[in-house]
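Commentary on secondary and tertiary structure
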Amino acid sequence: MEVKKKDIRALSKEELRDFFVTNGDKAFRGNQVYEWLWTKSAHSFDDMTSLSKDTRQMLDQNFVINHIKVDTMQRSKDGTVKNAVRLHDGLVVESVLIPTKTRTTACVSSQVGCSLDCRFCATSRLKRMRNLNPDEIYDQVAAINKESLLYHNRKLSNIVFMGMGEPLMNYNNVIKSIEKITSPEGLGMSPKRITVSTSGVPKIIKKMADDDVKFNLAVSLHSAIDAVRTSIMPFNATFPLKDLKESLEYWYEKTQRMITYEYVVWGGINDKKEDINALIQFCKYVPCKVNLIEYNPIDDGEFQQASPEAINNYISNLEMHDIVVNVRRSRGKDIDAACGQLANKS
């Protein structure tokens, strides 16, 4: 019976060093392999050209590199790039490169499908098939960094965990991937340039604060009225706004870092004065800013972008209360790469 090989990227540097010592080689060989795997993103042992052929064969006999493969890549007329990423077991997730004049942002996935049930999001209709491993998240970032260099002649500047899945439902693997992304032995990116976006899992938000994470926190809020939020995000019945508020206050008390609220305004759902007033009240709890996000329909027409007048009412009322508000125009709509549209149509 064929022995299943272990994914080498599940090993720490110390475990790699121990492997080589156990097999009669020098410990530093483990350092070399670790660098090939993470700093250089090697896809195969044959790529590790500083190692002897015998060493590469020994690695191949014992391990496998479960590297992602970009199956298809679509480029939008606005420069946005969407990758359909095939995983080692044949499942597919999507990730997006979003360019502006001053920076390039990677939007990465953390789950195949999603654990939650937001009714306006295409990904939630796929249901969660599994969590992504840390290396699968890392690979998405490394692939987009290469595309950024190729198409825009600059390195990736920012990462947002806003692709497929709820990052906090895959917390341990997301944290491990960020450790690799920010490590000098990985991609060396600053955690201040990384934002983890959650629909709001209070217990894990508190855990992040206790773990003293250095990245930014964004919350997909969309309504500060429980009944409205539950109608569009049914899991809100389990994690109501009072619990979310308490966890965000805890986050700010521990980290002293402001929170970003992501907020889509839909016609006939959350476009009334009472919705605006509730959001203003919610914004008073902790220092924050609000990103009003342009909605991207997902075929069935149940949710519709609010009128420009409704958006302007939000902006003027928030600004009147000294709340920082930005309007985020969607990118990549023509290739279904915009916010809420990732659904593996490819």
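Higher on the page you've got the structure.
Below or above, wherever it landed, is the structure these notes cover. (Residues numbered from 1 in each chain as written. Predicted model: local features only at pLDDT ≥ 70, side-chain atom pairs only at ≥ 80, totals over all residues. Heavy atoms only, no water.)

Remarks on the pairing of strand β3 (residues 69-75)
Which entries qualify depends on this criterion: Whether two strands pair depends on DSSP finding at least two bridges between them. Only DSSP runs of H or I with at least four residues qualify as helices, and only runs of E with at least two residues qualify as strands; both kinds are numbered from the N terminus onward.
Two elements, β3 and strand β4 (residues 81-86), share 6 bridges in a ladder whose sense is antiparallel. When the sheet's bridge partners are listed, Gln74 is paired in β4 with Lys82. The antiparallel pairing of β3 with β4 creates a hairpin that spans 5 residues between the two strands, and Gly79 there sits at a positive phi of about 95 degrees.

Digging into the sheet that holds strand β9 (residues 158-161)
Where we set the bar: Fitting a line to C-alpha atoms yields each axis, with helices limited to the stretch in contact; the angle taken between N-to-C directions then spans 0 to 180 degrees.
Judged by pairing direction, the sheet is mixed, and its 10 strands sit side by side in the order β3-β4-β5-β6-β9-β10-β11-β12-β13-β14 without closing on themselves. Only two strands of the sheet have a single partner each, and these edge strands are β3 and β14 (324-328). Across the sheet, the mean angle from the axis of one strand to that of its neighbour is 20 degrees, orientation sign disregarded.

Considerations on the pattern of salt bridges
Note on pairing: side chains with opposite charge can pair once their charged atoms come close. Heads up, the condition is: Salt bridges are defined as contacts in which a side-chain nitrogen from Lys or Arg sits within 4 Å of a carboxyl oxygen from Asp or Glu. Each residue gets one of three labels from its accessible area relative to the maximum for its type: buried under 20%, exposed over 50%, partly exposed in between, using a 1.4 Å probe on protein chains only.
As enumerated under the stated definition, the model contains 16 salt bridges in all. The salt bridge partner of Arg86 is Asp71, with a shortest N-O separation of 2.6 Å. With Arg86 in strand β4 and Asp71 in strand β3, this pair connects stretches of sequence that are 15 residues apart. Look at Asp71 and you get partly exposed, because its relative accessible area is 30%. Notably, a salt bridge pairs Lys254 with Asp210, separated by 3.4 Å at the nearest N-O pair. Note that Lys254 is positioned in helix α8 (residues 241-255) and Asp210 in helix α6 (residues 202-210), a separation of 44 residues in sequence. Connected through shared salt-bridge partners, Arg9, Asp135 and Asp139 make up one network.

Examining the nonpolar core
For clarity, the threshold we go by: Only buried residues count toward a nonpolar core. Its members are Ala, Val, Leu, Ile, Met, Phe, Trp, Tyr and Cys residues joined through side-chain atoms within 4.5 Å. By definition in these notes, contact holds between two residues if any of their heavy atoms fall within 4.5 Å.
Met48, Leu59, Ile159, Leu248, Tyr261 and Val290 are the most contacted members of the largest nonpolar core, which totals 82 residues. The residues touching Ile159, leaving out its near neighbours within four places in the chain, are Ala106, Val108, Val141, Ile181, Met189, Arg193, Ile194 and Thr195. Among the nonpolar cores identified, the runner-up in size contains 15 residues, and Cys114, Val228, Met233 and Ile269 belong to it.

Considerations on the layout of surface pockets
In this approach a probe as big as a water molecule rolls over the atoms, and the regions it shows empty are the leftover space. How we decide: For each structure, a 1 Å grid was placed over the protein atoms alone; sets of points admitting a 1.4 Å probe that cannot get out are labelled cavities, open sets with protein on both sides within 12 Å along at least five of seven lines are labelled pockets, and lining residues have an atom within 4 Å of a point. Grid points are joined across faces, edges and corners, and a volume is the space filled by probe spheres set on the points. Under the grouping applied here, Gly and all other residues not named as nonpolar or charged are polar, the nonpolar ones being Ala, Val, Leu, Ile, Met, Phe, Trp, Tyr, Cys and Pro and the charged ones Asp, Glu, Lys and Arg.
Empty space within the second largest pocket amounts to approximately 250 Å³. As for the second largest pocket, its lining consists of 14 residues, of which Arg9, Trp38, Pro134, Lys176 and Lys180 are closest to the centre. For the lining of the second largest pocket, the secondary-structure elements that each account for two or more residues are α2 (28-38), α4 (134-152) and α5 (171-182). Counting residues per element, the lining of the second largest pocket draws most heavily on α5, at 3 residues. Split by residue class, the lining of the second largest pocket holds 5 nonpolar, 2 polar and 7 charged.

By themselves, these are just geometric observations and shouldn't be taken as functional.
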